[in-house]
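# Secondary and tertiary structure notes
So you can see what is in the structure, the chains are spelled out below.
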Amino acid sequence: MSAPFTINIDSLTNLDPSRAVEFFRRLLWAEATKVGIGINLIDVPNNIYVSDGGIDAFIEDANHIDDELIPKGTTGFQIKSGKDSGDEGFKRELHVKNNLDLPLKPEINRILNNGGGYVLVLFDELTTEKKLDRRKAIRNEIKRMGFKNPSVRVYSANQIQGYAEKYIALILWLSGSFNTAYPYSSWSKFRSITGLKNFVPDEPRKAIIELIKDKIRNDENVCRRMNPDKFRLIAKIHFS
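Residues numbered from 1 in each chain as written. Predicted model: local features only at pLDDT ≥ 70, side-chain atom pairs only at ≥ 80, totals over all residues. Heavy atoms only, no water.

## Notes on helix H5 (residues 128-144)
The terminal C-alpha atoms of H5, which comprises 17 residues, lie 24 Å apart, in line with the 24 Å expected from a rise of 1.5 Å per residue. Every buried residue of H5 is accounted for by Arg-134, Ala-137, Ile-138, Arg-139, Glu-141 and Ile-142. Of the surrounding secondary structure, the elements contacted by the buried residues of H5 are helix H3 (86-92), helix H4 (106-113), strand E4 (117-122) and strand E5 (152-155). Directly beyond the C-terminal end of H5, a positive phi value near 105 degrees is found at Gly-146. (Helix = DSSP H or I, 4+ residues; strand = E, 2+ residues; numbered from the N terminus. Expected span 1.5 Å × (residues − 1). Buried < 20%, exposed > 50% of the residue type's maximum accessible area, 1.4 Å probe, protein only. Contact = heavy atoms within 4.5 Å.)

This is how it looks when you write it as structure tokens:
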């Protein structure tokens, strides 16, 4: 049995293609909020069966400091569910009709021509050695097509697991619980929240706030460690 707020690796490796793309989209959204990238810069189409030119997700001109998951600049992500297809398979994925004798797929070519990077997101477990082999094979293939120093990353399921476990809301979405939940770190930055500057108290609101404070301080079934000031703020926002 998994510990609370963790992700079982099998729940990632068993995702079907559409679910894998949706999961990674939500992970990008959460990470973008954390590092200060506008979600408007992220494009992850819903329909995975429409021709995508070799790219499933695209981030344009990201300018941030923490690039652990989202590289700086422009990046195209190829998202693959299912089993590792080896060096040869991922080299072919770069090309039109998966044919090594044909050009790179148009979106991959466009991104690389504009100085962007390529990230393979694989929902399968890879050893460090295999991951390095896949990255080297992809880089060498791109270099063979005329790009001197391409930026290439490979994310495997165990890495995705580590990235995603930072976001409780994403864990709950994957498990099917509270699929509209947001982590506090994301929720607190929404314009609808940050735009609320003035609170005008009245008697009904004061009564609600005092009731919440009383329950937090006196109810034996409530965790005493919770900070009443946070609940006062929440009460002000929700009942104003």
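Still more ground to cover, so stick around.
## Here we look at the nonpolar core
Judged by nonpolar contacts, the single largest core of 36 residues is most densely connected at Phe-23 and Phe-123. At the level of secondary structure, the elements contributing two or more residues to this core comprise helix H1 (9-13), helix H2 (17-35), strand E2 (57-62), strand E3 (73-80), E4, helix H6 (157-164) and helix H7 (168-175). Take this core: its biggest share by element is nine residues, from H2. Counting 17 residues, the second-largest nonpolar core is a separate cluster that includes Phe-58, Leu-112, Leu-120 and Leu-122. (Core = buried A, V, L, I, M, F, W, Y, C linked by side-chain atoms within 4.5 Å.)

## Here's the deal with the confidence of the model for the protein
Taken over all residues, the pLDDT of the protein has a mean of 84, while the share at 70 or more is 80%. At the level of individual helices and strands, the protein shows its lowest average pLDDT in helix H11 (residues 228-238), which scores 54, and its highest in E5, which scores 97. (pLDDT = per-residue confidence, 0-100.)

## Some remarks on the pattern of salt bridges
Here the structure, examined in full by the defined rule, presents 19 salt bridges. Residues participating in the shared-partner salt-bridge network are Glu-31, Lys-34, Asp-66, Glu-68 and Lys-166. (Salt bridge = Lys/Arg side-chain N within 4 Å of Asp/Glu carboxyl O.)

## Quick word on the side chain of Gln-78
Relative to the helices and strands, Gln-78 is located in strand E3. Judged by relative accessible area, Gln-78 falls into the buried class, the value being 5%. Residue contacts for Gln-78: discarding those within four places in its chain leaves Gly-54, Ile-55, Asp-56, Glu-93, Tyr-118, Val-119, Leu-120 and Val-121.

## Quick word on the environment of Ala-20
On the secondary structure map, Ala-20 appears in helix H2. Its relative accessible area of 1% is what places Ala-20 among the buried residues. Ignoring any residue separated from it by four or fewer positions in sequence, one finds Ala-20 in contact with Leu-15, Ile-79, Ser-81 and Phe-123.

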